[in-house]
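Residue strings, one per chain:
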Amino acid sequence: IVPTGTFFLLGDNRDTSLDSRYYGVVPGDSIIGKAVMVCFSANLPPEALAGQPGYRNVLAMARWGRVLLRVF
């Protein structure tokens, strides 16, 4: 459970990122940046999210309408 006013931050490399899984939640007033763009978005099936090796069809599941979408 993430308390109100805090954020659970995840790194971009699950196996080596030191993120909220190690340091806990981050207070909202400690975040000084803002999101400006979606770089890539995909609707992956559960087996891909479970980290099963060999899943390679990520581009077929891309949500192309969101790729490079400005969010500010």
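Residues numbered from 1 in each chain as written. Predicted model: local features only at pLDDT ≥ 70, side-chain atom pairs only at ≥ 80, totals over all residues. Heavy atoms only, no water.

Explain the packing of aromatic side chains to me, using residue names and the numbers behind them.
Under the criterion given, the structure shown has 1 aromatic pair. With 6.3 Å between their ring centres and 80° between their planes, F40 and W64 make a pair best called edge-to-face. Of this pair, F40 sits in the loop between β3 (37–38) and α2 (46–49) while W64 sits in the loop between α2 and β4 (69–70), placing them 24 residues apart in sequence. Judged by its relative accessible area of 39%, F40 falls in the partly exposed class. Among the residues examined, W64 registers a relative accessible area of 54% and is labelled exposed. (Phe/Tyr/Trp six-rings, centres within 6.5 Å; stacked < 30°, edge-to-face > 60°. Helix = DSSP H or I, 4+ residues; strand = E, 2+ residues; numbered from the N terminus. Buried < 20%, exposed > 50% of the residue type's maximum accessible area, 1.4 Å probe, protein only.)

Go over the side chain of S20 with me, naming the residues and quoting the values.
Within the fold, S20 resides in helix α1 (residues 20–23). Look at S20 and you get buried, because its relative accessible area is 5%. From its side chain, S20 meets the backbone nitrogen of L9 in a polar contact 2.7 Å long. At 2.9 Å, the side chain of S20 and the backbone oxygen of G24 are in polar contact. Residues within four places of S20 in sequence aside, it is in contact with F7, F8, L9, V25 and V26. (Polar contact = N/O pair within 3.5 Å; in protein donor to acceptor, adjacent residues only side chain to side chain. Contact = heavy atoms within 4.5 Å.)

Account for the side chain of T6, with residues named and values stated.
Note that T6 resides in strand β1 (residues 6–7). Among the polar contacts listed, one links the side chain of T6 to the backbone oxygen of P3, at a separation of 2.6 Å.

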